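An overview of the molecular structure
If you want the building blocks of each chain, they are given just below.
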Amino acid sequence: MLKKSIISAVSATILAAVAFAIYFSSLTKTEQARWLLSLTMSEGEALFQSSDEAYASPPPLLGWLDARQKESLNGEWSIIIDPMGVGTPGSIFGGYPPLRRNTSGMTLVEYDFERAQRIKVPGDVNTQDPRLFFYRDKFWLYRELSVAPKAGRRQLLHFGAANFTATVFLNGRAVGRHEGGYVPFHFDVTDELREGRNELLVWIDNRLGDQSIPTGRTDWWPYGGLTRDVYLVEVPEARIVNAKLSLAKGRTDQIRFRASAQGIAAGETVRVQIGALNVDETFRLDGAGVAEGALSAQPELWSPENPKLYEVTVSGGGSVLSERIGFRQIETRGTQILLNGEPIKLRGISTHEEPIGREGVAHSANDMRGLLAEAKALGANFVRAAHYPYNRHLARLADEMGLLLWEEIPVYWQIDWDNENTLAIARDQMARLVQRDWNRASVIIWSVANETPNTRERLRFLRRLIEDTRGMDDSRLVSAALLGGSGPDFALIAARLAARGVASADVPDEDRKIFQGVLDEAGYFAPSAGEGYTLSIDDPLGEHTDIIAYNEYFGWYYSVLFSRQLGIDEAVLRPLMLEFMRDLRFTSKYEKPIHISEFGAGAKRGNRSEAGHIWSEDYQLRVYEAQLEMLTASPQVQGLSPWILKDFRAMLRPLAGVQDYYNRKGLIDENGERKAAFYLMRDFYQGEW
Ligand code: GCB
């Protein structure tokens, strides 16, 4: 019976093949060619489509990375640039995997990783090859690794960050994809790894757009690539995934502890030890793999003056993890910020993740130490790490060096507020940042956004992020850098500038007439020459944040705005503005501390100007002088983080001979040379305020 059906199946196949051969030979040569081409095309299309496959997303973050057993995959990787996106595995162009070689001299291999150019990982691709400086598209990174799988252990492929969408292939199989950049993620590759040589391929798509986080247009360099450490982390099957310790709310004699585990049975225990505090407790895991409870302890409190850290060991299953952790309280009371119950002013500075004296992204502990050392030299006790999560060394070093930190995700300017996927990327970034750094005492503020428009959709989006953040971690403050000043505010300020303009002896007649016109229009409401103004920062998001953070550019951009609005020459308006700023004040209807998260002016180091022309160190200095006088006269202002510590790379900044694709608002230049305003700021931070 079986024999019969096999015979009939075989003969049917032979018949079909013969019929096809007859049909094919009846076609003309052109028809035959078209037929063959259509076959290749449809295969090709299928391969191109494979790039849109639903790839696995990475599991939740693995905490306590520095305490894990791991092998570094840093070093030289092969790179193939692929702006057309055709190098997908299996395609005739990329033709990978397995790694193919043309050893016979007759094998067509175009994407040959052995012959390809090498670049360093971690590192951005843009500054490692001059041809890639402005490149913002797709490329492949490849390396081999050899491992010996071990029974009872899992191998996790960890990336500190991949900018901005990374699809990871191991031995030709897609293991997953992460979208968004700037945050760590991993995949469990135990089942993909094999004894001996393994081929690891990462497809990076460095494009950003309207729906990504960050959006396509940013005032910083969208460095692409594997910008942070890559590791193969070996963990036991039964393991601690993460653990958080922080002081109980309002208390200094109790530490809250919470750990999550995987592969350890409910009812088993997690042990926490802090030798110096005589803590040695165990907590049972519940059905969800969580163990939590309170520890009685009276730690010496962490502060910038006394950055005290304790060695903490958490063990459970096969994990034994140790880290140095500090304990402190941060809260607000009315318009004050309290650190360990005492009012503190944030003497801060803003930064980007770029090292001093080298091009590209900062990725090593040394890079970060250099940056933080310069903030310390400025006399700062606070760093605003704008505008995206930096590498993990930042907060660890800030813990040790005694610097308070603001950490942020790149929800920046205008994004697609109604897009679910956009929200999902932002939530993922926040979760990974918070879960990575929640044991760092230095981090006191999570920021969910920078300079976003005041709309309903934005409010909904950001409230969601704030809720998420507080849900994960209620031992810190939440904020967002706002844009302030409404149309009416600016009209009233314009009238005050006009009153000063009319009274000033330095204003040319033509401009005086324009100013007079503004005053005539204001009529009865026209201000007097010396009148100041109090600007209230009332963005509705302020209701939901703990701190009202405000970016303002009086003395820089706003002078352009007023000059255009009034039709007055900038040369006339700028000095009037610097004078007026001394009578400008800030407040908010929310009874909360105000932090001026940005102010500044562009200056090319070495450019001096007695006349105080813009782009000179002298003009920058004048803006800083006026800003400090203005800001310290507003009692609600409890913190400053001027823009910015160091000149940084920005595609938005082309001005030849001055910017050359650097944003020049740094207090030091790209080589670490200080500008005059650095010293002014340093003297200010050493003073009374
Ligand atoms: C801002 C942005 C910051 C820019 C800065 C500038 O308001 O928050 O990312 O770099 O202004 O220099 O224009």
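The structure displayed is predicted, hence computed values, not measured ones.

The rules behind these values
Every chain is numbered on its own, with residues counted from 1 as its sequence reads. Given that this is a predicted model, residues contribute local features only at a pLDDT of at least 70 and side-chain atom pairs are listed and counted only at 80 or more, while totals for whole chains, interfaces and linings are drawn from all residues. Neither water nor hydrogens contribute to the side-chain values; these are computed over all heavy atoms in the structure. What counts as a ring pair is set by centres within 6.5 Å for rings of Phe, Tyr and Trp (its six-membered ring), and what kind of pair is set by the plane angle: stacked under 30 degrees, edge-to-face over 60, tilted for all other angles. The way it works is that DSSP assigns letters per residue, a run of H or I at least four long becomes a helix, a run of E at least two long becomes a strand, and they are numbered from the N terminus. We call a residue buried when its accessible area falls under 20% of the maximum for its residue type, exposed when it is over 50%, and partly exposed in between, using a 1.4 Å probe and counting protein chains only. Two kinds of site are reported from a 1 Å grid over the protein atoms alone, namely cavities, where a 1.4 Å probe fits but cannot get out, and pockets, open sets with protein on both sides within 12 Å along at least five of seven lines, and residues are called lining when an atom falls within 4 Å of a point. Grid points are joined across faces, edges and corners, and a volume is the space filled by probe spheres set on the points. When residues are sorted by character, Ala, Val, Leu, Ile, Met, Phe, Trp, Tyr, Cys and Pro go into the nonpolar class, Asp, Glu, Lys and Arg into the charged class, and all the rest, Gly among them, into the polar class. Being near a molecule or strand, for a residue, comes down to having at least one heavy atom within 4 Å of it. Contacts described as polar in this section are N or O atom pairs within 3.5 Å, which, within protein, must combine one atom able to donate a hydrogen with one able to accept it, while residues neighboring in sequence count only if both atoms come from side chains. Each accessible area is a Shrake-Rupley estimate made with a 1.4 Å probe; only the visible protein chains count as cover when residues are assessed. The criterion for strand pairing is that DSSP finds at least two bridges linking the strands in question. Geometry is summarised by axes, namely lines fitted to C-alpha atoms with helices restricted to the contacting stretch, and by angles between N-to-C directions that run from 0 to 180 degrees.

Here we come to the packing of aromatic side chains. Per the counting criterion, the structure on display carries 35 aromatic pairs. Centroid distance Trp417 to Phe461: 5.1 Å. Interplanar angle 85 degrees. Geometry classified as edge-to-face. Here the residue Trp417 occupies a position in the loop between strand 23 (404-408) and helix 5 (420-437), and Phe461 occupies one in helix 6 (residues 456-472), the gap between them amounting to 44 residues. Of the two residues, Trp417 and Phe461, both sit in the buried class. Seen in terms of ring centroids, Tyr553 and Tyr557 are 5.1 Å apart; in terms of plane orientation they differ by 65 degrees. Their pairing is edge-to-face. Residue classification places Tyr553 among the buried positions, given a relative accessible area of 6%.

The next subject is empty space enclosed by the protein. Using the criterion set out here, one finds 5 cavities of 30 Å³ or more in the structure. The calculated volume of the largest cavity comes to roughly 220 Å³. What lines the largest cavity is a set of 21 residues, and nearest its centre among them are Leu65, Asp66, Pro184, Arg392 and Arg436. With 3 residues, helix 5 is the largest single contributor of residues to the lining of the largest cavity. Counted by class, the lining of the largest cavity contains 6 nonpolar, 7 polar and 8 charged residues. Estimated volume of the second largest cavity: approximately 130 Å³.

What follows concerns the site of the ligand. The ligand sits among 14 residues. The nearest are Asp219, His387, Glu451, Tyr557 and Lys665. Between the ligand and the protein, one listed contact pairs an oxygen atom with a side-chain N or O atom of Arg653 at 3.1 Å. Take Lys665: an N or O atom from its side chain is 2.5 Å from an oxygen atom of the ligand. Starting from 320 Å² of accessible surface for the ligand in isolation, the protein chains cover 97%. Of the residues in the shell around the ligand, the class split is 5 nonpolar, 4 polar and 5 charged.

Strand order in this open sheet of 4 strands is 1-10-5-8, and the pairing throughout is antiparallel. Pairing within the sheet leaves two strands with one partner each, and these edge strands are strand 1 (69-72) and strand 8 (185-188). Averaged over all neighbouring strand pairs, the angle between strand axes comes to 30 degrees, with direction disregarded. Relative to strand 10 (residues 230-236), strand 5 (residues 153-159) is paired through 7 bridges, and the arrangement is antiparallel. By the bridge assignment, Arg153 is partnered in strand 10 with Pro236.

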